[in-house]
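# Summary of structural features
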Amino acid sequence: MAELKFIGGYPEYMRKLIDNVNKTRSQRKDYTPKAMSMAEREEVLKLCHPDYAPGGKRQISIGPNTGDLAPNEVVDLLEANPLIDPDTMQISNPDYSVDLLIIGGGLAGTSAALLANDNGVKTENILLVNKLRHGDSNSMMAQGGTQAADRENDSPILHYIDTIGGGHFANKSDVVEALVNDAPLVMEWLSSLGAIFDRESDGSFVEKSFGGGSRKRMHACRDYTGLEELRVLRDEFRCRGIPYLEYYPVIEFLTDGNRVTGAVLYNLETGEYKIIQAKAIILATGGFGRLHIRGFPTTNHYGATADGVILAYRVGAKLRDTETVQYHPTGAAFPQQIIGLLLTEKLRGMGGQPLNIDGEAFVFPLEPRDVESSAFIRECYIKEKGIVTPTGMRGVWLDTPLIDLKNGAGAIEKELPAMFRMYKRFDIDMRKDPVLVFPTLHYQNGGVDTDPWGRTNIESLWVAGEISGGVHGKNRLMGNSTLDCLVFGRRSGKSTAEYLKSNPQFGKLTLEHLKKYKKMLADAGIKTTRKAPILFPEYRGKAVLARRIDIF
Amino acid sequence: MAEEKKNIMDEIAGANKSVVTGIDEKDIQHWIYISIMGKKYRVPAGLTIMQAMEFAGYRFIRSCGCRAGFCGACTTVYRIEGDYRLKTALACQTRAEDRMYLVQIPFTPAQRSDYDINKLTPGIEAFLKVYPEILKCLGCNSCTKACPQDIDVMEYIACGKRGDMEKMAGISFDCIQCGLCAIRCPAELAQYNYAQLGRRLYGKYGEPLPEHLKKRLEELKQGKFESELKRLITLQKEELRKIYTSRDIEKE
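A quick note: this is a predicted structure, and the numbers were derived from the prediction, not measured. (Residues numbered from 1 in each chain as written. Chains lettered and ligands numbered in written order. Predicted model: local features only at pLDDT ≥ 70, side-chain atom pairs only at ≥ 80, totals over all residues.)

### Comments concerning the overall build of chain A
Helix and strand content of chain A: 16 helices and 22 strands. At 23 Å, chain A has a C-alpha radius of gyration in line with the 24 Å of a compact globule built from 552 residues. For chain A, the C-alpha atoms occupy an extent of roughly 70 × 60 × 45 Å along the three principal directions. Scored against the burial criterion, the 552 residues of chain A give a buried share of 62%. When contacts within chain A are restricted to residue pairs at least 6 apart in sequence, long-range pairs at least 24 apart make up 76% of them. (Helix = DSSP H or I, 4+ residues; strand = E, 2+ residues; numbered from the N terminus. Rg over C-alpha atoms; globule rule 2.2 N^0.38 Å. Buried ≥ 20, exposed ≤ 12 C-beta atoms within 10 Å, placed from the backbone. Contact = placed C-beta atoms within 7 Å.)

Right, dumping it as structure tokens:
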């Protein structure tokens, strides 16, 4: 087959289709399709959302959530063998003894460390451990912004209503209350540490619309919001000299039968394990995007493999909303090299329109994410009005030139530099041409059940950030994930500091919970060679794996 | 109907297969040759450097992070056969090319200093205290050439030396802290760490808290929204749904 001829990053046939987009742009500039009614939303969700489609899920058959549905990819890991053998592993001599162990150094974990320190836990009594580098996380990749109701016409009440409406009224109400009340405090905290948010000329925050929102509430740092927030917090963390380890994933917890009392670390380079003893533990390991639920590509970090959920479940932590998965409507669908990567919702917040193959605006651009994603899938696979890529993917256009048209020339480069840069690297100028999008696996809506302070049903175990469930119900809104990490990172840090003031003692270090877990697997008749946590996805070439031998 | 829905999900998974589980050799139309740390491999054309290395059999435990150009983990130094120049790139955001000789940088041992942001004054004084070596910049522009984000690194260092925090913050804002500037710098600077200090100084001292935020913080302190939130929490789903569907939406 002859190589495709590319013009401005697109093959010739796609370039012809772009003409349809160019032709209709001037008529669409002042037109927006009507938002869907609740009934219309429900119809498209039932028809096209991956969570509602048959298959892809099964019941969990062991542990506290027995009978609950979860994606097959998650159940596979919940019902898997541990990486270590509880009968033979030596765990009695801890290599580290700390008051507070924090696992995961994204926005949640880093915030937790700072607030624990602010509330009296001495730096040397904290240890933050990271699977990769401190900061490697989905937080770092958050583009669009952080919600906080801080304008005159807005209020925490409206933030509350938007959040639970977007979450299908399944959110845990007291946790949402904490989220919306603390949001302005988080903005104050970040600003006082030196984070730079987009400002209007009068010094007020630039605030933009977002899917499912009733007010302009989105605070951004260009389209590098998570990067800016996290690098400031990480710098502050470093300046205080809080101890941390990198390239040391946690592969198992230790317990005294009831409480979590420590953890087993694994040195990725040498293969050696280390034992940590701790009085309180905050688990902030993020979500599960790299499990590629239902075969979807993902926006997520390389390390987003649900490690924390698996370990927490083994010690008896309760999960919730395990059956819901967030697919972000605008994942890149072309070119091949960036399939699945995130195109921030800010593109639509600034006026970018989703279009079908005829250049028609077919959906209100700012529906909640699950509804918007379903509408894209319907357009591509039921109405057959998608654009097919050279590798057989289908997608819809996102009309990005409209952003400069609506906001003035230069808006894309100034406010969306990450997006502009990514496409430029692959020869596409998004100021002049639309980009092709299709839903991509984005977020773990559910997770470990928690109270407004990040506490779980296990004494001495807290969770914060994407690993937790409840605050987003069955669908998260934009700008509530960085906020979730910041609010509950801070709260768990404060809460653990208070717990430590009650002077708890180090507990016994055992792997009894693994013995119980293995028995549960056996009793449920689950015979498997699967092992978890997996730590990383497997992307190596098949031909190489087929010939691979393990010598050392 | 149910059958049809199942097929959609299967179709989508089928279309994504090469991205999620790797390309099947039989589907590969064009091959290229690359050299990874001196070893030659045949890989499909059109992959990123990162994907090409994985196809060749590498499993990353370093030099791989967000895979989307935001984290700076996958800094790569390469040369194309026949060219004398060493180039720099992010492995996740750069196509592998035929006859590319590459190595990844697993870690940047650059110096950074600790400071108390509350005790510094924005401007050159802060740099003289925390990073006095910033004055050693030779003005050779190697940093700018090495930057995979195309940031004018040399210019923001000049701004730092002039004490212009606002410009230093603005120019350096898209920095992903990969460390390539520091690795290429003949004056042995750690530019990206200086930029971090400059941005924090500007963010803290150059941009005061907006009045609307201060007002909201005061209202929260006084408990202005407490009783209404408490009332909402007690409502049943149907009542909440009514409030949700009838709420007014702010226009553009």
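So much for the structure itself; the text now carries on.
### Some words on the overall build of chain B
Of the regular secondary structure elements, chain B holds 11 helices and 5 strands. Against the compact-globule benchmark of 18 Å for 252 residues, chain B has a radius of gyration of 26 Å, which places it well outside the compact range. Along the longest, intermediate and shortest principal axes, the C-alpha atoms of chain B span 70 × 70 × 30 Å. Here chain B holds 252 residues, and the buried ones make up 42% of them. Contacts in chain B between residues far apart in sequence, at least 24 positions, make up 59% of those at least 6 positions apart.

### Quick notes on the domain arrangement of chain A
Residue and element names in this part refer to chain A. As assigned here, chain A comprises domain 1 (6-51 + 328-441) and domain 2 (96-148 + 164-173 + 183-195 + 220-324 + 445-501). In this complex, domain 1 contributes 21 residues to the contact, which on the side of domain 2 involves 22 residues. Going through the elements one at a time, β15 (325-332), α10 (369-381), α13 (417-425) and β19 (435-444) are the ones with two or more residues in the side of domain 1 that touches domain 2. It is α13 that provides the largest number of residues to the side of domain 1 that touches domain 2, a total of 3 residues. Looking at side-chain class alone, the side of domain 1 that touches domain 2 contains 10 nonpolar, 5 polar and 6 charged residues. (Domains from an automatic or database assignment. Nonpolar A, V, L, I, M, F, W, Y, C, P; charged D, E, K, R; others polar.)

### Let's talk about the packing of helix α4 (residues 107-118) of chain A against helix α14 (residues 481-501) of chain A
Residues and elements named next belong to chain A. Axis separation between α4 and α14 bottoms out at 7 Å; the angle between their running directions is 35°. Crossing angle aside, the handedness with which α4 passes α14 is right-handed. Contact with α4, carried on its side by Leu107, Ala108, Gly109, Ser111, Ala112, Ala113, Leu114, Leu115 and Ala116, involves Thr482, Cys485, Leu486, Phe488, Gly489, Arg490, Ser492, Gly493, Lys494, Thr496 and Ala497 of α14 and no other residues of that element. In terms of residue class, the contact of α4 with α14 is made up of 11 nonpolar, 7 polar and 2 charged. (Axes fitted to C-alpha atoms, helices over the stretch in contact; angles between N-to-C directions. Left-handed = near helix turned anticlockwise from the far one by under 90°.)

### Some thoughts on the domain arrangement of chain B
Residue and element names in this part refer to chain B. Its domain assignment divides chain B into domain 1 (28-104) and domain 2 (117-206). Here the side of domain 1 that touches domain 2 gets 3 residues from one element, more than from any other, and that element is strand β4 (residues 87-90). Classifying every residue of the side of domain 1 that touches domain 2 by side-chain character gives 4 nonpolar, 3 polar and no charged.

### Looking at the pairing of strand β1 (residues 31-36) of chain B
As a general feature of sheets, a regular strand has side chains that alternate between the two faces. Residue and element names in this part refer to chain B. Note: β1 against strand β2 (residues 39-44), 6 bridges, orientation antiparallel. Across the sheet, residue Ser35 finds its bridge partner in β2, namely Lys40. The turn joining β1 and β2, which pair antiparallel and follow one another in sequence, is formed by 2 residues; a positive phi near 50° is taken by Met37. Of the pairings in the sheet, the one linking β1 to strand β5 (residues 100-104) comprises 3 bridges and is parallel in character. (Pairing = 2+ DSSP bridges.)

### Quick look at the sheet that holds strand β3 (residues 75-80) of chain B
Residue and element names in this part refer to chain B. Read from one edge to the other, the open sheet built from 5 strands follows the order β2-β1-β5-β3-β4, with strand pairing classed as mixed. Sheet topology places β2 and β4 at the edges, where each strand pairs with a single neighbour. Within the sheet, the average angular offset between the axes of one strand and its neighbour, ignoring direction, is 35°.

### Observations concerning the interface of chain A and chain B
Facing 87 residues of chain A, the contacting portion of chain B comprises 82 residues. Listing elements by their share of the side of chain A that touches chain B, those giving two or more residues are α2 (38-48), α5 (156-166), α6 (173-193), α7 (225-239), α10, α13 and α16 (542-546) of chain A. Tallying contributions element by element places α6 of chain A first for the side of chain A that touches chain B, with 10 residues. Here the residues of the side of chain A that touches chain B sort into 41 nonpolar, 24 polar and 22 charged.

### Looking at unusual backbone geometry
For the peptide bond that leads from Phe334 of chain A to Pro335 of chain A, omega is -5°, which places it in the cis range. Mapping Pro335 of chain A onto the fold places it in the loop between β15 and α9 (346-349). Going from Ala532 of chain A to Pro533 of chain A, the amide bond is cis rather than trans, its omega being 0°. One non-glycine residue, Phe169 of chain A, lies in positive phi territory at about 60°. Topologically, Phe169 of chain A is positioned in the loop between α5 and α6. Given 17 C-beta atoms within 10 Å, Phe169 of chain A falls into the partly exposed group. The residue Gln177 of chain B is not glycine, and still its phi comes out positive at about 60°. For Gln177 of chain B, a count of 22 C-beta atoms within 10 Å corresponds to the buried category.

### Description of the packing of α6 of chain A against helix α9 (residues 211-221) of chain B
The geometry of a pair of packed helices is captured by two quantities: the angle between their axes and the separation between those axes. Here α6 of chain A crosses α9 of chain B at 135°, and the two axes come no closer than 10 Å. Taken together, α6 of chain A and α9 of chain B sit at an angle that is classed as oblique. Relative to α9 of chain B, α6 of chain A is oriented so that their crossing is left-handed. Mapping the contact onto sequence places Asn181, Pro184, Met187 and Glu188 of chain A in α6 of chain A and Leu213, Arg216, Leu217 and Leu220 of chain B in α9 of chain B. Residues of the contact of α6 of chain A with α9 of chain B, tallied by class, amount to 5 nonpolar, 1 polar and 2 charged. (Parallel < 35°, antiparallel > 145°, perpendicular 65-115°, else oblique.)

### What to know about helix α6 (residues 165-172) of chain B
Looking at α6 of chain B, one finds that the buried residues are Met165, Met168, Ala169, Ile171 and Ser172 of chain B. Each element contacted by the buried residues of α6 of chain B is listed here: α5 (153-162) and α8 (191-206) of chain B.

### Description of the nonpolar core
Among the nonpolar cores identified, the biggest contains 231 residues, and Leu101, Ile102, Ile126, Ile281, Leu283 and Ala312 of chain A are the most heavily contacted of them. Among all residues touching Leu101 of chain A, those that are not within four sequence positions of it are Leu127, Ala263, Ile276, Ala278 and Ile281 of chain A. (Core = buried A, V, L, I, M, F, W, Y, C linked by C-beta atoms within 7 Å.)

### Focus: the sheet that holds strand β7 (residues 146-147) of chain A
Either a parallel or an antiparallel arrangement is found when strands of a sheet pair, and the pairing is made through backbone hydrogen bonds. All names here are of chain A. Read from one edge to the other, the open sheet built from 3 strands follows the order β7-β9-β8, with strand pairing classed as antiparallel. Only two strands of the sheet have a single partner each, and these edge strands are β7 and β8 (207-208). Bridge count for β8 against strand β9 (residues 218-219) is 2 bridges, and the pairing is antiparallel. Bridge pairing in β9 places Lys208 opposite Met218.

### Details of the environment of Thr76 of chain B
Residues and elements named next belong to chain B. Relative to the assigned elements, Thr76 resides in strand β3. Overall, Thr76 belongs to the buried group, with 24 C-beta atoms counted inside 10 Å. Sequence spacing of Thr76 and Ala89 is 13 residues, and the spatial spacing of their C-alpha atoms is 5.2 Å. The contact partners of Thr76, leaving out residues within four places of it in the chain, are Ile49, Thr88, Ala89, Leu90, Ala91, Leu102 and Gln104.

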